[in-house]
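Residues per chain are reported as follows:
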Amino acid sequence: MVRICDLLCGFSVKSEIYFSFCLQQQKKIFSLFTTEQALAHPDLQKIIELHKGHIFVISEVLYKDLSTLGTTIPCLAIIDLPSNIQTIDFSKDTLILENVQDPGNVGTLLRSAAAANVKQVICTKGVAALWSPRVLRAGMGAQFSLVCFENADLRLLLSEFQIPVYVTSSHRPESLYTQDLTKASVWILGNEGQGASEYALSHAKAVTIPQPGGQESLNVAIAGSICLFEMVRQRQ
């Protein structure tokens, strides 16, 4: 049995867009929680029209205790966390997060991956939990459109890929912009402070993003997004 406290994770549905997305993806939403004052909000009215299940009206005080957000439309949802029964596809575009710990960075990278049509994401141990409230907020619900694997071991995976594997490093001479990214690729992004591991650097092609302004490095979420969308640009 799944406990409610595991599911009531503070994911606030800011508008009907996110709610309808869940319905389109056939993600079951068990219940909604809102407040009496919020019932008249136009966005919440649209959500209520889409939802066919239970709606619980709770006090403002209780809502503030439950929610992890500040200013927002009072709307919490109990959802099933997706259970992934698929296996890793070693021939398709893949984003690998290696010990990326900041929830904001992880969520942003998930959102960029979804936007770039990179549907497979693999996370090693040490990566922020993909379904935690902060990662959900930063990802804007991108998790629902991705096939995600957590607690993976790079040593057991990298040799299995049948496509080019790249890893970002600010200390390597090969430029991102000289790579042929027109075919399926794997991208490894490492820890915010220490970067990618020695194992990743020695078992993947290390590339750098030119920085003519002279900064030492880029934020991992920005660097990853640049790489993913350079891939998109080349495939246009």
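Criteria and thresholds
Residues numbered from 1 in each chain as written. Predicted model: local features only at pLDDT ≥ 70, side-chain atom pairs only at ≥ 80, totals over all residues. Heavy atoms only, no water. pLDDT = per-residue confidence, 0-100. Contact = heavy atoms within 4.5 Å. 1 Å grid on protein atoms, 1.4 Å probe; cavity = no way out; pocket = protein on both sides within 12 Å on 5 of 7 lines; lining within 4 Å. Points joined across faces, edges and corners; volume = space filled by probe spheres on them. Nonpolar A, V, L, I, M, F, W, Y, C, P; charged D, E, K, R; others polar. Phe/Tyr/Trp six-rings, centres within 6.5 Å; stacked < 30°, edge-to-face > 60°. Helix = DSSP H or I, 4+ residues; strand = E, 2+ residues; numbered from the N terminus. Buried < 20%, exposed > 50% of the residue type's maximum accessible area, 1.4 Å probe, protein only. Pairing = 2+ DSSP bridges. Axes fitted to C-alpha atoms, helices over the stretch in contact; angles between N-to-C directions. Expected span 1.5 Å × (residues − 1). Polar contact = N/O pair within 3.5 Å; in protein donor to acceptor, adjacent residues only side chain to side chain.

Colleague: Looking at this model, I keep getting lost on the confidence of the model for the chain. Mind explaining?
Modeller: In low-pLDDT regions, the fine details of the predicted coordinates are not to be read closely. Taken as a whole, the chain shows an average pLDDT of 84; of its residues, 86% reach a score of 70 or greater. Segment residues 1-17 is flagged for pLDDT under 50; beyond a separation of four residues in sequence, or across chains, it makes 43 contacts in the model.

Colleague: Help me understand the layout of surface pockets in this model?
Modeller: In this approach, a probe sized like a water molecule rolls over the atoms, and the result shows the empty space that is left. Of the volumes computed, that of the largest pocket is approximately 480 Å³. Forming the boundary of the largest pocket are 23 residues, of which Thr-168, Ser-169, Ser-170, Gly-195 and Ser-217 lie nearest the centre. Each residue belonging to the lining of the largest pocket can be placed in one class, and the counts come to eight nonpolar, 13 polar and two charged.

Colleague: Is there a simple way to explain the packing of aromatic side chains in this structure?
Modeller: Any aromatic ring pair is given by two values, namely how distant the centres are and how the planes are angled relative to each other. Summed over the entire model, instances satisfying the criterion amount to four aromatic pairs. Judged by centre distance (5.0 Å) and plane angle (75°), the rings of Phe-90 and Phe-161 are edge-to-face. Of this pair, Phe-90 sits in the loop between strand S3 (76-79) and strand S4 (94-97) while Phe-161 sits in the loop between helix H7 (154-157) and strand S7 (165-168), placing them 71 residues apart in sequence. On the basis of relative accessibility, which here comes to 9%, the residue Phe-161 falls in the buried class. Relative to Trp-187, the ring of Tyr-166 lies with its centre 5.0 Å away and its plane at 25°, an arrangement referred to as stacked.

Colleague: Even after reading the chapter, I still don't get the sheet that holds S3, so can you show me in this structure?
Modeller: Within a sheet, adjacent strands bond to each other through the backbone by hydrogen bonds, running parallel or antiparallel. Spatial strand order, S2-S1-S3: three strands in an open sheet with mixed pairing. The open sheet has two free edges, formed respectively by strand S2 (54-58) and S3, since each of these has just one partner strand. Put simply, the sheet's adjacent strands are angled 20° from each other on average, direction ignored. Two strands pair when backbone bridges link them, and strand S1 (residues 29-35) and S3 are joined in this way by four bridges, in the antiparallel orientation. In the strand pairing of S3, Ser-31 is matched with Ile-78.

Colleague: What should I look at first to understand helix H9 (residues 220-234) in this one?
Modeller: Think of an α-helix as turning once every 3.6 residues; residues three or four places apart then point the same way. Between its terminal C-alpha atoms H9 stretches 21 Å, which fits the 21 Å expected from 15 residues at 1.5 Å a residue. Of the residues making up H9, those classed as buried are Val-220, Ala-221, Ala-223, Gly-224, Ser-225, Cys-227, Leu-228, Glu-230, Met-231 and Gln-234. With a side-chain oxygen lying 2.8 Å from the backbone nitrogen of Ala-221, the N-terminal cap of H9 falls on Asn-219.

Colleague: Teacher, can you tell me more about the sheet that holds strand S5 (residues 120-124) here?
Modeller: Spatial ordering of the open sheet is given by S6-S5-S4-S8-S7-S9, a layout of six strands whose pairing is parallel. The open sheet terminates on both sides in strands that have one partner only, identified here as strand S6 (147-152) and strand S9 (205-207). Within the sheet, the average angular offset between the axes of one strand and its neighbour, ignoring direction, is 25°. As defined by bridge partners, S5 adjoins S6 across four bridges and the pair is classed as parallel. Among the inter-strand pairings, Val-121 is bridged to a residue of S6, identified as Cys-148. Seen against the sheet, helix H5 (residues 103-115) touches S4, S5 and strand S8 (186-189) and runs at an angle of roughly 175° to S4. Contacts from H9 reach S7 and S8, with the element oriented near 170° to S8.

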